[in-house]
Structure formats: C-alpha cells, structure tokens
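Report on the structure
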Amino acid sequence: MRPLRPRSLLSLILFGFGVVILPLFVALGYAGVYVDRLSEQAQTTVYDAARAIQLSSNLDDVLTRLERAARQYLVLDDAGLLDVYRDAHEQLQDNVLRLRQIAATVDQQRLLETLETEEAELFESLTAEQPAEGLDQEAVAERFIGLGELADGVRARSNDVIDREVARMQRLGAMAQRWLFWMGAALLPLTLISAGIFTVLISRPIREVEGAIRRLGDEQFDAPVQVSGPRDLEVLGERLDWLRQRLVELENQKTRFLRHVSHELKTPLTSIRESSQLLSDEIVGPLNDEQREISAILHDSGRRLQDLIEDLLDFSRTQNRTPQLNVRTVSLEQIVTAVLARHKAAIRARRVKLRRDLQRGRLEGDAEKLETVVDNLISNSVKFSPKGGTLSVRVEERNEAVVLEVADEGPGIPAGERAKIFDAFFQGDRQPEGYVKGSGLGLSITREYVLAHHGDIELLTDEDSHGAHFRITLPRRHDEVRPRESVTTTPTTRSA
C-alpha cells in the first residue's frame, strides 16, 4: 500500500508549520485558562475579604446602637427606644446571616452562631411583656461586653481567613509559575524536534532535485532520478528522469553521428590525399610553380582534415566506453622528444624558445595514447605561444609517479572559461592568428586518456606567468589506481 504523502510542497510546509506551533498554542491556551481561573479566584477572594471586613466592622456599630438603645429603654421605658432596638436587632441578624454565608472556617461559623443566639436571647428578654428578673443596667452591660468579645473574635477570624487566602493565592501563583516553566521546558525540545523533522522532510526532496540537476549538468546519466516527498516534487523528479533519458538518447545519437560521419569522410579523404600526393610527386607529369603551390595546399588541407577526423574518431571511442589500453613499459621522455621533433618546424617558424627538462620517466602505459596526450598539449602551447615566447616542457619522476608539465607564455585563459576547458567541442574566445580553428576535442580526449591511465590532469595557477601551465601525473604502474581528478583554476584556457 502506497504511504500517504502530501499533495504539494506547500501543503507539507503548512502542515509542518501547524504541527510545530500546535504545542505552543496548546501551552498558551492552557496558560491563559489557568491564569484566568486564578484571576477569578483572586477576585472572589478579595471581594469576600472586603465584605467580611465591612460586615465585621458593622457588627461593632450595630452592637453599640443595640447597647445604647437597650440601656436607654431600661431607664426611660420608652416604646420608641424599643423600636430602635428592634431595627438594630434586625440589622444585626442580617449582618450575621451574610457573614455566615461567606464564613470559611468552622470557628467563624461557631462564633457567629453563638453571637446570634446570645443576642436573640437578650432581645427576647428585653421585648417580653414581663422583662426577666435581674435584667438591669449592669446585667445588660455585661451581656453586651460578651457580645462585643464575640464580634472581636469574628473580626479576628475574618482577618486570619484573609491571611490564609492570600497565602493560598501566593502558593497557587507560584505553582502556576512552576507548571508553566516546566511545560515550556518540555515543549521547547518537542518543538525543536518537530521543526527538525519537518526541516528534513522539506529539505530532503529539494536536495534530491538539486542533486539530480547537478548530475545532469555533469553529464552523469547512469543513475535514474528519484525524488521522494510531496507529490508535486515526485512529478518533478519523474520529469527530470524523462529529461535524463532524452539526454542519454541525444548523447547516443551524437556519438553515432560522429562515428558514422567520421568513417564516411575517411574514404573520400584518402582519395584526395593520395591524388594530391601523386600530383606533388609529379607522377602524372611535371608541374609548374603555381601548380606545385596548389598541390601543397591540397596536401596540407587534406592532412588537416585527417587530423580533425581522427579527433572525432578518438572522441567517439572515448564516449562509448573507457579507452582500451595496450599497456607496456614506455619512456615518457622519449615520447616527448619525438613529439617535439614533429613540431620543430612550427616552433622554429614562430621563433619560440624551447626550454626542456626531460629526466627519466618510465611507466606502464599505452604509448600511442600517451603520444596523443603529449601532442595535444604541445601543439596547443606552440599554437598559442607568441612569437619569441618560451615553451617549457618538463618530465620527472616523483615517488611512484611520472609528472609531465607543459607551460607557455600565451594569452592565458579567462576566468569564466577555466571550468569548461575539458568539455568536448569547447573553444575559447582567444584564438591565435594565422591558425585554422580546431575541433575543440583535443583537451577532452587528453583528459579521457589520462583518466584511462588512472592519472590526473591539472591546470595550474601561476602568478608569475600569463600563459597556460598544465601538469599531468601518471602512476608508474598501471594497477596503481589514482581515483582523484583535479582541475586547478589558472589564467589560461583553450582546446586543441
């Protein structure tokens, strides 16, 4: 069963954003509810405390009025004073009832009940048709002193209750603060883990797409393009894989075209070269000076065309498979000497000063392909060297490798072209005067042959020179694989 996947990258981002912020919203919501509940409780406590203080204070005032009305009634025996006493009595009963509603402790309830009972007994005694015996000024005063003590006890208990409520609110506030702290401490790593997971889920398919595009740009068409993630990125991966297959087809078509064209051109070219050679040798009859000049032009043009076709054939072979090597022990300094001898006329024509340092350089390799490598480098250097310039060639053994360096004093390579010099068919903007433009395959073939020998080819940076400086490092034994391939930036570039 196919796992559930987001339909788009946007939906994945929104879903990840929601999952990451959901714990924070839960924490904030719970904190808001907790703080709101704590605030309501504090408000209720303060309100009850204020009412308790007010009602406790009213008890003293009411008891004072009761005492004054009772004592005046006993002295004056005035019914109006008894009505005043009744009003104060009803007010006292109302205050006690309201205090009992907000009383928070058993002691408060007991004191209020005692106060209400004793005051009611005194009220019954005073309002009876026949006042109780012994109810005089002194007895009433003593009774009201007891009621005052009970009122003081109620007020003291109310203050104690307020203090306890304040302490309880402080404890609740501290507990809420600790709970919010630990909840935040627990949610922070959870949020970071969620953010990290969704960062990986979002960035992984993007990196896969980026890697696929980079591989296509580097002409690595072997591995299929696979992108896992949201459906729209999977579709993009499928389109990139389709593009990879199309590029493979085009690359194969190009290779087949080059191979067929090269082979088809060799037959008529052979006839042209043989015919021009017959003319030059005057086999068909003597030639005048103009005819000899034309024959020489034909011969040189045929040779140049043959070189271009050979480059195409070599390139076609390197594109199809790794070049097959006829490995035997060769001497690189002898190969360089032979190549320099072939270019002696061109070197002399441009008055190039040759600086050679050819030490012993024996290795296992394909002599023909190594000769092609050396010829491409030296022909480039001769072609791009200014008249009167210097061409430096060095061969030496370093540890278990043989090193070849070729440097010239030509115009150099623009910075924007340095990464392309080993690309097939690439030709720089700086071309020498008086030379026919090449095929752009020389350095590409050179690199393939060097890699087939498990070697490195480097373009070195030389601050003291404006020309090209190439270094080739080849293992002395063919089975010593050197997987590293480096192309160092330097201010010179061109292709054969």
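Per-chain numbering applies: the sequence of each chain, read as written, is numbered from 1 onward. pLDDT decides what is reported in this predicted model: residues at 70 or higher carry local features, side-chain atom pairs at 80 or more are listed and counted, and totals for whole chains, interfaces and linings draw on all residues regardless. Processing note: side-chain calculations cover all non-hydrogen atoms of the structure and skip hydrogens and water entirely.

1. A short note on the confidence of the model for the chain
pLDDT runs from 0 to 100 and stands for how confident the predictor is about each residue. With 84% of its residues at a pLDDT of at least 70, the chain reaches an overall mean of 77. Counting contacts from residues 481-496, a segment whose pLDDT is below 50, to residues more than four positions away or on other chains yields 75 contacts. Residue contacts are defined here by distance: any two heavy atoms, one from each residue, within 4.5 Å place the two residues in contact.

2. Notes on a nonpolar patch on the surface
Patches draw on residues past 30% relative accessible area with no salt bridge. Two like charges within 9 Å are joined, as are two nonpolar side chains (Val, Leu, Ile, Met, Phe, Trp, Tyr) within 5 Å. The Shrake-Rupley method, run with a 1.4 Å probe sphere, supplies the accessible areas, and residue values consider only the shown protein chains as cover. When a carboxyl oxygen of Asp or Glu is within 4 Å of a side-chain nitrogen of Lys or Arg, the pair counts as a salt bridge. On the surface, a cluster of nonpolar side chains totalling about 560 Å² of accessible area is made up of Leu278, Leu279, Ile283, Val284, Ile294 and Leu298. The helix and strand labels rest on DSSP assignments: H or I over at least four residues marks a helix, E over at least two residues marks a strand, and numbering proceeds from the N terminus. The set of elements that each furnish at least two residues to the nonpolar patch consists of helix H5 (231-280) and helix H6 (289-320). Secondary-structure assignment places Leu278 in helix H5. We call a residue buried when its accessible area falls under 20% of the maximum for its residue type, exposed when it is over 50%, and partly exposed in between, using a 1.4 Å probe and counting protein chains only. A residue is classified by how much of its surface remains accessible, and Leu278, at 41% relative accessible area, is partly exposed.

3. Some words on the pairing of strand E3 (residues 362-365)
What you see with E3 is a clean split: Leu363 and Gly365 sit on the buried side and Arg362 and Glu364 on the side with no burial. Bridging between strand E1 (residues 328-331) and E3 involves 4 bridges; their strand directions are antiparallel. Its bridge partner being in E3, Ser331 is matched across the sheet by Arg362. When DSSP finds two or more bridges between two strands, those strands count as paired.

4. Focus: the packing of helix H7 (residues 332-342) against helix H9 (residues 367-384)
Closest axis-to-axis distance for the H7/H9 pair is 9 Å, and the angle between their directions is 50°. In terms of orientation, H7 lies oblique with respect to H9. Considering the relative orientation of H7 and H9, their crossing is right-handed. In contact with Leu332, Ile335, Val336, Val339, Leu340 and Arg342 of H7, H9 contributes Ala367, Leu370, Glu371, Val374, Asp375 and Ile378. Inter-axis angles, ranging from 0 to 180 degrees, are taken between N-to-C directions of lines fitted to C-alpha atoms, where helices are fitted over the stretch in contact. Here is the rule for angles: anything less than 35 degrees is roughly parallel, anything more than 145 is roughly antiparallel, 65 through 115 is roughly perpendicular, and the remaining ranges are oblique. Take the far helix as your reference; a near helix turned counterclockwise from it by less than a right angle gives a left-handed crossing, and one turned clockwise gives a right-handed crossing.

5. With respect to the pattern of salt bridges
Following the criterion strictly, the structure yields 14 salt bridges and no others. One salt bridge connects Arg246 with Glu249, and the closest N-O pair in it is separated by 2.7 Å. One end of the pair is Arg246 and the other is Glu249, both in helix H5 and 3 residues apart, which spans about a single turn. In this structure Glu249 comes out as partly exposed when scored by relative accessible area, which is 38%. Each of Glu396, Arg398, Glu405 and Arg471 takes part in one network of salt bridges that share partners.

6. Overview of helix H2 (residues 79-102)
In a helix, the anticipated span is given by 1.5 Å times the number of residues less one. Taking 1.5 Å as the rise per residue, H2 with 24 residues should run 34 Å; its terminal C-alpha atoms sit 35 Å apart, in good agreement. For H2, every residue scored as buried is listed here: Leu81, Leu82, Tyr85, Ala88, His89, Leu92, Gln93, Asn95, Val96, Leu99 and Ile102.

7. Looking at the sheet that holds strand E5 (residues 401-407)
If you walk across this open sheet you meet the 5 strands as E2-E4-E5-E7-E6, and the pairing is mixed. With one partner strand each, in any of the chains shown, strand E2 (353-358) and strand E6 (456-459) form the two edges of the open sheet. Taking the axes of each pair of neighbouring strands and ignoring which way they run, one obtains an average angle of 10° across the sheet. Two strands pair when backbone bridges link them, and E6 and strand E7 (residues 469-475) are joined in this way by 4 bridges, in the antiparallel orientation. Across the sheet, Glu458 pairs through a bridge with Arg471, a residue of E7.

8. Notes on the packing of aromatic side chains
Pairing of aromatic side chains requires ring centres within 6.5 Å, counting the rings of Phe and Tyr and the six-membered ring of Trp. Pairs whose planes differ by under 30 degrees are stacked, by over 60 edge-to-face, and all others tilted. A complete count under the given rule lists 0 aromatic pairs for this structure. We call a charge positioned over a ring when the NZ of a Lys or the CZ of an Arg lies within 6 Å of the ring centre and within 35 degrees of the ring normal. Against the face of Trp242 rests Arg239, its NZ or CZ located 4.9 Å from the ring centre.

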